[in-house]
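So the chains spell out like this:
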Amino acid sequence: MNRSCIEELRQVVGARHVLQDAASLLAYESDALTLFRCKPAAVVLPNSTQEVMAVMRILHQEQIPCAARGAGTGLSGGALVPEGGVILSMTRMNRILEVAEEARFARVEPGVVNLDLSNRVDRLGLRYAPDPASQTVSTLGGNVAENAGGPMCFLHGTTSNHFLAADVVLADGSLHHWSTADDLDLRGFLCGSEGTLGVIVALTLKLIPKPASIITMLAGYKDVPEACAAVAAIVAQGLRPVALEVMDQKAIQAVECSVYRAGLPLDAGAVLIAELEGDVLHVEKEQSRLQEVLEQFSPIRLETAATPEQRLAIWKGRKGSGGAIGQLAPDSYVMDGVVPRSKLAEIMAFVEQIEEEVGLPVANLFHAGDGNIHPHFAYDARDPRQCTAVEEAGAKILRKCLELGGSLSGEHGIGLEKQHLMREQFGEGEIALMQRLRRVFNPDDLLNPGKGLPLSRGCAEAFHRHRRGEHA
Amino acid sequence: MPKFVHPDSREAMRSLLLKAQGLGQAVMPCGQGTRLQRFLPHATPDVWLSASNLQEMIWLDVEDQTCCVEAGMSLHALQKALAPFHLQLDIVAPGAQLGTLGGLFMSREPSLSEGLCGPTRDHVLGATWMMANGAILKSGARVVKSVAGYDVTRLLLGSRGRLAICLDLTLRLRPLRPDSFWMVLNKRDLEAPAMRTLTWELCIPHPQNPEQLCLYLQHAQRNSIPAQDAEVKSCKMARDNYLRAIEQGKHDSPLPSDSPWLSDIAEACAPGAPHFGERR
């Protein structure tokens, strides 16, 4: 980047908010998937819509690629730019602009942390439903860009179902408002577009009432197939739990040896967390039905959270499990694939087989109700052979998901991680359509280039040079 | 060529589309035509290309609670096919008997159960489309959660046939709610703070009393609501009358004006081909 361009950016956002020193840039060279690293030329931290528009105009004029980034908790190598590019960090735009209690929506800036919104509206008897495990740190703008999910999405749906409108700045610096009321659902198209269509500068999100009653049950089973069978039976019974989560033994042990300790049964091969919500009578009625089903599979332990604190401890354990698994090795590769729920046992058996082949430990936790698996490979990124092994193992698992009728991603997105597999889920015609649609909004491919769709060879090489710390 | 054509297969639909375009005629997709007056009041194509003869259930996965149906099937026929499996599509919309599912989703017809179950688009996992150049493309996935690639499904749903013809839809199903019940409630009671957590499947104006609402409630909320038990028959009648009034356009909000992106997106959908509704 030339000096005059940096100077212009400084004039827009203030010199303090244009980062260029090596130590600062280090924090922005990867997201939470550290397999991919690429140091940006600069990081710009705007504080308003006008500043974002001005920054985008400067970058557009200079044809400099950029990627918007929230808290950097993404798990697919999404918020990275090729050499010479700029990261637009949205964390200063973290204001809750409006809470409409009666109409049940909130208008927020993209840098607001997911859980902060629910905490803010809690006293009104409202909440924001999507609850990714990263919700204590991940931002709502990032959640929309990735169409984030979470355990509660089994009943409530993913971010797209709760996202009503956005103000978006395109690559040329123009500002647009896209909402559910529009002629075409550009809002829906934007959600999950991984920052490749525009930079979100404001969001309108749906709030839903807090339930009068919540029941959380924890069942320990001898192994993962038993837990999967219980999940299938719960759904077959016509029950409508809000969440159905499974953790395997390695995940349980990691949690119980960490600060996220939740009192999970260490002698169980798997635990199933099932939660019901609604009005008191309904939940009571469903609880007895749920308990009956859970008991059919001979649980080693079956308990119901007796207090809100116990419930929170269970969820703290579940949501902290990704971090707890970090104890197993210096690095962790968190995968994200989806299969039809009826194929869960089959895919988990395949993951076990891959684990044996690779010889690296794999801990599993998954959104069983949605068929969304998250094998966590524990490895050492300093060993290039291990890096290659986990990447190849990940690709094999994703190919198996596709073979079983599933998808490459349920909530982490494609990013850099899976773009090379997109042609295995979609045909050439579908890929070409998506590429043409991207060009409608991002004609010069300046916004988060190389993410989400298969890369051209040249572009792929530009990124791959920077994998696994191979950069200078 | 007749004004309305109802091909029996995708191949026949494709050849009719290309033939009409070859003759310089403007083509617009439709279902049974029951919603055209409300959602495409100004369209004047030479040919309406109807998917109404494509009515097959392509697959139903009871265990995964998903199905794939051709776009010409009616909502009523789908619900009837699902009932033996204790499943349903969580949508209550006008035109259930005569209209097609393709028409329902492409027109973005509001669902009366939207408050509880979400708008119609939230129930669609994927679809197959015929673009204006005759290409057949898929979007989405058959699993209940997928963020692979752009959400082309949401972009094309609700586009009122101006971007693509909907051939089939992959839908997320839900278990039937056997314990739902009808109640009548005074409108002013609905504003009470205690009612904030209330969730209903349907909320319909009372046919006789404008100060009251008929609510179809999920679960066992009977004890927590200051409402009187309703006569089921009159509530159902109120619901049917309300749906009929919607069909007649009595509750429609004005249609949004055309998106400024419409033409560019139509071109991206089928480069070089005449856009739907366009004469060349």
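The structure we're discussing is the one just above.
Computed from a predicted model, the values in this text were never measured in an experiment.

**Observations regarding the packing of aromatic side chains**
All told, the structure shown has seven aromatic pairs over all chains when counted by the stated rule. With a centroid separation of 4.6 Å and an interplanar angle of 45°, the aromatic rings of F441(A) and W261(B) are classed as tilted. Pair noted here: F441(A) is in helix α15 (residues 428-441) and W261(B) is in the loop between α7 (232-247) and α8 (262-269), and the two residues belong to different chains. Ring geometry for F4(B) versus W48(B): centroids 6.0 Å apart, planes at 20°, classification stacked. Of this pair, F4(B) sits in strand β1 (residues 4-5) while W48(B) sits in strand β3 (residues 47-50), placing them 44 residues apart in sequence. Since its relative accessible area comes to 35%, F4(B) is described here as partly exposed.

**Remarks on the packing of helix α9 (residues 249-256) of chain A against helix α11 (residues 308-325) of chain A**
A pair of packed helices can be characterised by two numbers: the angle between their axes and the separation between those axes. Residue and element names in this part refer to chain A. Following both chains from N to C, one finds α9 and α11 inclined at 90°, their axes separated by 8 Å at the closest point. Classified by the interaxial angle, the pair formed by α9 and α11 is roughly perpendicular. Each of A251, A254 and V255 in α9 lies in contact with α11, whose residues at this interface are G317, S321, A324 and I325. Among the residues making up the contact of α9 with α11, the classes are represented as five nonpolar, two polar and no charged.

**Points about the interface of chain A and chain B**
Each partner contributes residues to the interface: chain A has 74 residues there, and chain B has 55 residues. Summed over both sides, the interface of chain A with chain B buries roughly 5,200 Å², with 56% coming from carbon and sulfur. Looking at the side of chain A facing chain B, the largest losses of area belong to D183(A), L184(A) and R240(A), adding up to 16% of the total buried there. Where chain A packs against chain B, one counts six salt bridges. The salt bridge partner of D185(A) is R121(B), with a shortest N-O separation of 3.8 Å. Connecting chain A to chain B are 24 residue pairs in polar contact (both at pLDDT 80 or more). Of all the secondary-structure elements, those providing two or more residues to the side of chain A that touches chain B are α6 (153-156), β9 (175-179), α7 (186-190), α8 (224-236), α10 (280-295), α14 (422-425) and α15 of chain A. Of the residues assigned to the side of chain A that touches chain B, the class counts are 29 nonpolar, 26 polar and 19 charged.

**Brief notes about the nonpolar core**
By size, the foremost hydrophobic cluster in this structure holds 154 residues, and its most contacted members are L117(A), F105(B), L171(B) and I265(B). Residue contacts for L117(A): discarding those within four places in its chain leaves I96(A), A106(A), V108(A), V112(A), Y128(A), L140(A), L205(A) and L207(A). In terms of nonpolar packing, the next biggest core, distinct from the first, is built from 24 residues, V55(A), M56(A), I64(A) and M90(A) among them.

**A look at the sheet that holds strand β4 (residues 57-61) of chain B**
All names here are of chain B. Strands sit in the order β4-β5-β9-β7-β8 across an open sheet of five strands; the sheet is antiparallel. If you trace the sheet from one side to the other, it starts and ends with β4 and β8 (136-140), each paired once. In this sheet, neighbouring strand axes are inclined to one another by 15° on average, regardless of whether the strands run parallel or antiparallel. With six bridges connecting them, strand β7 (residues 124-130) and strand β9 (residues 165-172) associate as antiparallel partners. Bridging across to β9, V124 finds its partner in L171. With respect to the sheet, helix α1 (residues 10-22) is in contact with β4, β5 (66-70), β7, β8 and β9, its orientation differing from that of β7 by roughly 50°.

**Things to note about the sheet that holds β9(A)**
Residues and elements named next belong to chain A. On the basis of which strands lie adjacent, the open sheet formed by five strands has the order β5-β6-β10-β8-β9 and antiparallel pairing. Single-partner strands in this sheet number two, and they are β5 (96-100) and β9. Neighbouring strand axes in the sheet, compared pairwise and without regard to direction, differ in orientation by 15° on average. Across six bridges, strand β8 (residues 163-169) lies against strand β10 (residues 199-206) in antiparallel orientation.

**Structural notes on the environment of P132(A)**
All names here are of chain A. Within the secondary structure, P132 is located in the loop between β7 (126-127) and α5 (140-146). Along the sequence, P132 and G150 sit 18 residues apart, while their C-alpha atoms lie 4.0 Å from each other. When near neighbours in sequence (up to four residues on either side) are disregarded, P132 contacts N114, S138, N143, A148, G149 and G150.

**Quick notes on the side chain of S193(A)**
Inspection of the secondary structure assignment puts S193(A) in the loop between α7 and β10. A distance of 2.5 Å separates the side chain of S193(A) from the backbone oxygen of L190(A), its partner in a polar contact. Leaving out residues up to four positions away in the same chain, S193(A) has contacts with A145(A) and Y150(B).

**Points about helix α3 (residues 75-82) of chain B**
Note that an α-helix has 3.6 residues per turn; residues three or four places apart therefore point the same way. Residues and elements named next belong to chain B. When we look at burial in α3, the residues that qualify are L75, L78 and L82. Down the axis, α3 shows its buried residues gathered within 65° of arc, on one side only. The secondary structure elements touched by the buried residues of α3 are β4, β5, β6 (87-88), α4 (101-106) and β9.

Rules used in this analysis
- Residues numbered from 1 in each chain as written.
- Chains lettered and ligands numbered in written order.
- Predicted model: local features only at pLDDT ≥ 70, side-chain atom pairs only at ≥ 80, totals over all residues.
- Heavy atoms only, no water.
- Phe/Tyr/Trp six-rings, centres within 6.5 Å; stacked < 30°, edge-to-face > 60°.
- Helix = DSSP H or I, 4+ residues; strand = E, 2+ residues; numbered from the N terminus.
- Buried < 20%, exposed > 50% of the residue type's maximum accessible area, 1.4 Å probe, protein only.
- Axes fitted to C-alpha atoms, helices over the stretch in contact; angles between N-to-C directions.
- Parallel < 35°, antiparallel > 145°, perpendicular 65-115°, else oblique.
- Contact = heavy atoms within 4.5 Å.
- Nonpolar A, V, L, I, M, F, W, Y, C, P; charged D, E, K, R; others polar.
- Buried area = accessible area lost by both parts, 1.4 Å probe.
- Salt bridge = Lys/Arg side-chain N within 4 Å of Asp/Glu carboxyl O.
- Polar contact = N/O pair within 3.5 Å; in protein donor to acceptor, adjacent residues only side chain to side chain.
- Core = buried A, V, L, I, M, F, W, Y, C linked by side-chain atoms within 4.5 Å.
- Pairing = 2+ DSSP bridges.
- Arc of directions from axis to C-beta.

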